[in-house]
Amino acid sequence: MSGRVPIESQRVDAPLTSSATFLVLSVTESPDAVKTVRSALANIDGLAKNVAIRDLGASFACTVGIGSDVWDRVTGLPKPSELHPFPPIEGAKHTAVSTPGDLLFHIRSERRDLNFEFEKQLLDLLGDSVKVVDETVGFRYFDVRDLLGFVDGTANPVGPAVPASILVAEEDTAAAGGSYIVVQKYVHDMKGWKTLKAEQQEAIIGRTKLDNVELDDAPTGQQASHKTLNTIEDENGVEHDILRDNMPFGSPGSGEFGTYFIGYSRRLWVIEKMLHRMYIGEPPGLHDRILDYSKPLTGTTFFAPSASILASLDSN
Ligand code: HEM
């Protein structure tokens, strides 16, 4: 990326920011809907520039994700090999719901006003070709904590491990340079969570609360922590990371306290395996105890194509 004007679309590895908007849209049946959407996506770079140039220090970035149901119509390109709608997961106690959504815009920067302005210009451009399914505004909470009080994002990959974990490569050349995205909007039962002692909360998460130190895994067969359930190895014992850019959201006045989960991955099966282990449990029956205090209101899967594929959509 050029150091002079740090504006680049589809930077799935954009830096952590203090504000983010998660916008999920559905494409309508209006006669020109697909054409309008395609043209807006192809020109997203220009739209981002309109806003980002107004404060280059604010790390503005927008990532666009496209859902499985509209992929063919909107892109006219081969479908990424793993792309399919979010499969609901029914555990004995908790269910990961699957909810609609054709397009995701992950809009981030250091300034809420930049994100707001971009979203306004974007929705003006899209007009009646889309309907808003969900709009969530997230904020950084102290030292990157979630509203449960824990530092969130520590185990994310860094450096060269970022593209290696999140960008599709030679395994699917048509989709190379893109990334699978799963989002889930969670609301927390803060009253219930607060009845737990700090040590009980730490055992659920798998890290200490104040100083964020990783705890040992529980012996095999016993209740595993959130951290352990989300550590995924393939059949060769190779660990696969994902990149999470979760953000707290909510409103104390209306009693809403939430975490917007967003995970980027080179392999969709890795995120789906995490969800399976959280909701069904490992061993089955011992689900992730974070779910006793966190309820998913949404669950949707997207694929963020590379910037060059996105820019080419107008010509397809
Ligand atoms: C209620 C929503 C959630 C909250 C509040 C939450 C919070 C946390 C916290 C505090 C940690 C430990 C620090 C860290 O490494 O980031 C963590 C780790 C992690 N979480 Fe979550 N999480 C949530 C949902 C999810 C979901 C739905 C997934 C996957 C589908 C997920 C995947 C992970 C992974 C991969 C790790 C790192 C595990 C490791 O140490 O290797 N989380 N989460």
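Residues numbered from 1 in each chain as written. Predicted model: local features only at pLDDT ≥ 70, side-chain atom pairs only at ≥ 80, totals over all residues.

## Regarding the overall build of the protein chain
For step 1, the next point in the chain: On a plain count of helices and strands, the protein chain comes out with 10 helices and 14 strands.
For step 2, the next point in the chain: The globule rule puts the C-alpha radius of gyration for 316 residues at 20 Å, and the 19 Å found for the protein chain is close to it.
For step 3, the next point in the chain: Along the first, second and third principal axes, the C-alpha atoms of the protein chain reach 55 × 45 × 40 Å.
For step 4, the next point in the chain: Residues classed as buried in the protein chain amount to 43% of the 316 residues present.
For step 5, the next point in the chain: A separation threshold of at least 6 residues defines the contact pool for the protein chain, and within that pool the share at least 24 residues apart is 76%. (Helix = DSSP H or I, 4+ residues; strand = E, 2+ residues; numbered from the N terminus. Rg over C-alpha atoms; globule rule 2.2 N^0.38 Å. Buried ≥ 20, exposed ≤ 12 C-beta atoms within 10 Å, placed from the backbone. Contact = placed C-beta atoms within 7 Å.)

## Some details on the UniProt feature "domain: Dyp-type peroxidase C-terminal" (unreviewed entry) in the protein chain
For step 1, the next point in the chain: The UniProt entry lists residues 144-307 under the feature "domain: Dyp-type peroxidase C-terminal" (unreviewed entry), expressed in the numbering used here.
For step 2, the next point in the chain: Across residues 144-307 one finds 22% helix and 24% strand; the C-alpha atoms that close the span lie 28 Å apart. (UniProt positions renumbered as here; feature names shortened; annotations may be inferred.)

## Observations concerning the site of the ligand
For step 1, the next point in the chain: With respect to spatial proximity, 25 residues lie near the ligand, and among them Phe 150, Ala 155, Asn 230, Met 274 and Ser 294 are the closest.
For step 2, the next point in the chain: Secondary-structure elements contributing two or more residues to the shell around the ligand are β7 (179-188), α8 (226-229), β12 (256-265) and α9 (268-279).
For step 3, the next point in the chain: Among the residues making up the shell around the ligand, the classes are represented as 11 nonpolar, 9 polar and 5 charged. (Near = placed C-beta within 6 Å. Nonpolar A, V, L, I, M, F, W, Y, C, P; charged D, E, K, R; others polar.)

## Things to note about the UniProt feature "domain: Dyp-type peroxidase N-terminal" (unreviewed entry) in the protein chain
For step 1, the next point in the chain: Under the feature "domain: Dyp-type peroxidase N-terminal" (unreviewed entry), the UniProt entry names residues 14-140.
For step 2, the next point in the chain: Helix makes up 33% of residues 14-140 and strand 28%, with an end-to-end C-alpha separation of 15 Å.

## Examining the nonpolar core
For step 1, the next point in the chain: Counting residues in hydrophobic clusters, the biggest one holds 73 residues, and the most contacted among them are Val 37, Cys 62, Val 64, Leu 103, Phe 105, Ile 181 and Ile 271.
For step 2, the next point in the chain: It is α9 that provides the largest number of residues to this core, a total of 7 residues.
For step 3, the next point in the chain: With near-sequence residues (within four places) excluded, Val 37 lies in contact with Val 27, Val 74, Leu 126, Ser 129 and Val 130. (Core = buried A, V, L, I, M, F, W, Y, C linked by C-beta atoms within 7 Å.)

## Focus on the pairing of β7
For step 1, the next point in the chain: Of all 10 residues in β7, 9 are buried; the element is thus mostly enclosed.
For step 2, the next point in the chain: Pairing of β7 with strand β14 (residues 300-304), which is carried by 5 bridges, proceeds in the antiparallel orientation. Along β14, the bridge assignment pairs Val 183 with Thr 300.
For step 3, the next point in the chain: The pairing of β7 with β12 spans 8 bridges and is antiparallel. Its bridge partner being in β12, Lys 185 is matched across the sheet by Tyr 260.
For step 4, the next point in the chain: As judged from the 3 bridges shared by β7 and strand β13 (residues 294-296), these two strands associate in the antiparallel manner. Along β13, the bridge assignment pairs Tyr 186 with Pro 296. (Pairing = 2+ DSSP bridges.)

## Description of the pairing of strand β11 (residues 247-251)
For step 1, the next point in the chain: Burial analysis of β11 places 4 of its 5 residues in the buried class, the great majority of the element.
For step 2, the next point in the chain: Sheet topology note: the β11/β12 ladder contains 5 bridges and is antiparallel. Opposite Gly 250, over in β12, you have Phe 257 as the bridge partner.
For step 3, the next point in the chain: Counting the residues in the hairpin turn of β11 and β12 gives 4 residues, including Gly 255, whose phi is positive at 70°.

## Some thoughts on helix α3 (residues 68-75)
For step 1, the next point in the chain: Trp 71, Val 74 and Thr 75 are the residues of α3 that are buried. Down the axis of α3, the buried side of the element spans an arc of 95°, and every buried residue falls inside it.
For step 2, the next point in the chain: At the exit of α3 stands Gly 76, carrying a positive phi of roughly 65°. (Arc of directions from axis to C-beta.)

## Quick look at the packing of helix α2 (residues 44-52) against helix α4 (residues 112-126)
For step 1, the next point in the chain: Close contact between α2 and α4 brings their axes to 9 Å; oriented N to C, the two are set at 145°. Note that α2 runs across α4; the crossing there is right-handed. Where α2 abuts α4, its residues Leu 47, Ala 48, Asn 50 and Val 51 lie against Leu 114, Glu 117, Phe 118, Gln 121, Leu 122 and Leu 125.
For step 2, the next point in the chain: Here the contact of α2 with α4 is composed, by residue class, of 7 nonpolar, 2 polar and 1 charged. (Axes fitted to C-alpha atoms, helices over the stretch in contact; angles between N-to-C directions. Left-handed = near helix turned anticlockwise from the far one by under 90°.)

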